[in-house]
Amino acid sequence: MGAVRRKLTRAGLSGLLVTHLPDLRYLSGFTGSSAALAVTRRSARLFTDGRYTAQAAAEVKSAQVEIVPRAPAACAVQWMAAQAGVEFAGFDPAWTSVAELSRLKEALPARLRRSFLVPVAAPLVEALRLVKDEDELRIMGEAALTGCRLFEHLLGFLKPGLMEIEVAAELEYQARLLGAEGMSFETIVASGPRSALPHGRATTARLPRRGFLTLDFGIIHDGYCSDMTRTVYFGTPRPKERNAYHAVLEAQESAVAAVGAGVSCGDVDEAARSVLRKAGLADAFTHSTGHGVGLEIHEAPRLGAGQTMRLQAGMVVTIEPGVYLPGEFGIRIEDMVAVTRDGGQVLTPAPKALIEL
Ligand code: ZN
Ligand code: ZN
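Residues numbered from 1 in each chain as written. Chains lettered and ligands numbered in written order. Predicted model: local features only at pLDDT ≥ 70, side-chain atom pairs only at ≥ 80, totals over all residues. Heavy atoms only, no water.

In terms of regular secondary structure, the protein is built from ten helices and 19 strands. In terms of C-alpha radius of gyration, the protein reaches 23 Å, essentially the compact-globule figure of 21 Å for 357 residues. Its C-alpha atoms put the protein at 70 × 40 × 35 Å along the principal axes. Of all 357 residues assigned to the protein, the portion counted as buried reaches 55%. On the protein, roughly 15,600 Å² of surface is accessible, and the fraction owed to carbon and sulfur atoms is 53%. Mean positive and mean negative side-chain charge positions of the protein (39 and 39 charges, respectively) differ by 5 Å. (Helix = DSSP H or I, 4+ residues; strand = E, 2+ residues; numbered from the N terminus. Rg over C-alpha atoms; globule rule 2.2 N^0.38 Å. Buried < 20%, exposed > 50% of the residue type's maximum accessible area, 1.4 Å probe, protein only. Areas by Shrake-Rupley, 256 points an atom, 1.4 Å probe, with all protein chains shown as cover. Lys, Arg positive; Asp, Glu negative; His and termini not counted. Charge placed at Lys NZ, Arg CZ, Asp CG, Glu CD.)

The following block contains the structure:
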């Protein structure tokens, strides 16, 4: 809370409305699905409804809790407006719909409707979430290792003829048995020519006798997401397929090696992209090299071409170059990497050499 207050002061605000649930969880510990948090320079109050009375009392340490019948964000805004010394309150325009903003304004006294709520220029809380503390890094390391165990389990389960959705079902069932709260996004199981779809969700397509299979999945552990991708092969790869795999692997390892505090995100992206360019696969690499991960599966920073943000120790990012040849095949390899002062620590040490099943 102290860090967000310092940011508030620097932004010239006397209050902040937090409605994006991952931000709210980060600041207050509350894990429920309906709440709003009001932070002023002197105090903080979390508004939620009667379903969460016991849960909020148990989880929320850094704010007072007020149970309200409805519209927690409107209640939060009204409360801030009634506090002495609170002239302006920031809200995050990225997480506030036009309809919601007009409801919030209606909740204010008429004289404050025009001036009280101010969109923050840059997200205040997401900026704090960028750098993980020791507890967060430990939780994320555990989540990532669970992902690796799931991949190793799948290696004994996969065989040609299974449907992609059976693979996803097995993965998600085993994830639950290993303690996952849920999956961090819809599991990607893309086989054969479908592997050329970067976000090929599992379908009833059957695993081929010969061809690639891309698995991209993650679990949620203590609220934090894991994310990893491995691509395996059924049968014996053709030379073009083997060469493409080796190019992606080299690009991925080169970007992992580029990670370190002070390095720009664009430079990490270029480390991967330049390898694929040399292999003649630049046009087949159609997305950015990676993204931050934490309470959300995709968060800042973005590791893409030209991104000037510099990595800091404690950030956790993915490194996931891929190549996609429509109608033929696709390959992606993804690790989670924690940025350290002198490099990066890979949190997902599952094998990356081409596995032929
Ligand atoms: Zn992924
Ligand atoms: Zn990812």
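We now examine the coordination of the zinc ion (ligand 1). Coordination of the zinc ion (ligand 1) by the protein involves Asp-216 (OD), Asp-216 (OD), Asp-227 (OD) and Glu-334 (OE), with metal-donor separations of 2.0 to 2.7 Å. Read from N- to C-terminus, the donor residues coordinating the zinc ion (ligand 1) fall into the pattern D-x10-D-x106-E. Taken as a pair, the zinc ion (ligand 1) and the zinc ion (ligand 2) lie 3.1 Å from each other and share Asp-227 as a ligand. Remark: Glu-334 occurs in the loop between strand S17 (329-332) and strand S18 (335-340) and Asp-227 occurs in the loop between strand S11 (224-225) and strand S12 (228-234); sequence separation between them is 107 residues. By relative accessible area, which is 3% here, Asp-227 ends up buried. (Donors = N, O, S within 2.8 Å, 3.2 Å for Na, K, Ca; no water.)

Next up on the list: the sheet that holds strand S9 (residues 211-217). Spatial strand order, S8-S9-S12: three strands in an open sheet with antiparallel pairing. Edge positions in the sheet fall to strand S8 (188-191) and S12, since each has one partner strand and no second. Along the sheet, successive strands turn relative to each other by an average axial angle of 15°, direction set aside. Where S8 and S9 come together, four bridges link them in antiparallel fashion. Note that in S9 the partner of Ser-191 across the bridge is Leu-213. Here helix H8 (residues 164-177) sits on the sheet and contacts S8 and S9; the angle it forms with S8, its principal contact strand, is near 150°. (Pairing = 2+ DSSP bridges. Axes fitted to C-alpha atoms, helices over the stretch in contact; angles between N-to-C directions. Contact = heavy atoms within 4.5 Å.)

Before going further, it helps to spend a moment on the coordination of the zinc ion (ligand 2). Protein-derived ligands of the zinc ion (ligand 2) are Asp-227 (OD), His-291 (NE2), Glu-320 (OE) and Glu-334 (OE), with the metal-ligand distances lying across 2.1 to 2.2 Å. Coordination at the zinc ion (ligand 2) comes from four donor atoms whose angles at the metal span 78 to 150°, giving a geometry best classed as irregular. Sequence spacing of the donor residues for the zinc ion (ligand 2), all on one chain, is D-x63-H-x28-E-x13-E. (Tetrahedral: all angles 85-135°; square planar, octahedral: opposite > 155°, others 65-115°.)

What follows concerns the domain arrangement of the protein. Split by domain assignment, the protein resolves into domain 1 (2-128) and domain 2 (130-346). Between the C-alpha centres of domain 1 and domain 2 there is a distance of 35 Å. Contacts between domain 1 and domain 2 engage eight residues on the former and ten residues on the latter. When residues of domain 1 are sorted by the area they lose upon contact with domain 2, Arg-25, Tyr-26 and Glu-126 head the list and together hold 58% of the total. Scanning the region where domain 1 abuts domain 2 turns up zero salt bridges. At the junction of domain 1 and domain 2, the tally comes to six residue pairs in polar contact (both at pLDDT 80 or more). Looking at the side of domain 1 that touches domain 2 residue by residue, the class counts come to five nonpolar, one polar and two charged. (Domains from an automatic or database assignment. Buried area = accessible area lost by both parts, 1.4 Å probe. Salt bridge = Lys/Arg side-chain N within 4 Å of Asp/Glu carboxyl O. Polar contact = N/O pair within 3.5 Å; in protein donor to acceptor, adjacent residues only side chain to side chain. Nonpolar A, V, L, I, M, F, W, Y, C, P; charged D, E, K, R; others polar.)

Think of a sheet as strands paired side by side through backbone hydrogen bonds, with each pair either parallel or antiparallel. Read from one edge to the other, the open sheet built from six strands follows the order S4-S3-S2-S1-S5-S6, with strand pairing classed as mixed. Strands at the two margins of the open sheet, each flanked by one partner only, are strand S4 (64-67) and strand S6 (117-119). Neighbouring strand axes in the sheet, compared pairwise and without regard to direction, differ in orientation by 25° on average. Across five bridges, the pairing between strand S2 (residues 35-40) and strand S3 (residues 44-48) is antiparallel.

A separate point is unusual backbone geometry. Cis rather than trans, the peptide bond between Ala-300 and Pro-301 has omega equal to 0°. Looking at the secondary structure, you find Pro-301 in strand S14 (residues 299-303). Even without glycine at this site, Ala-71 takes up a positive phi of about 45°. Judged by its relative accessible area of 43%, Ala-71 falls in the partly exposed class. Positive phi, close to 50°, is recorded for Asp-222, a residue that is not glycine. By secondary structure assignment, the location of Asp-222 is in the loop between strand S10 (219-221) and S11. Residue Asp-222 is classed as partly exposed on the basis of its relative accessible area of 39%.

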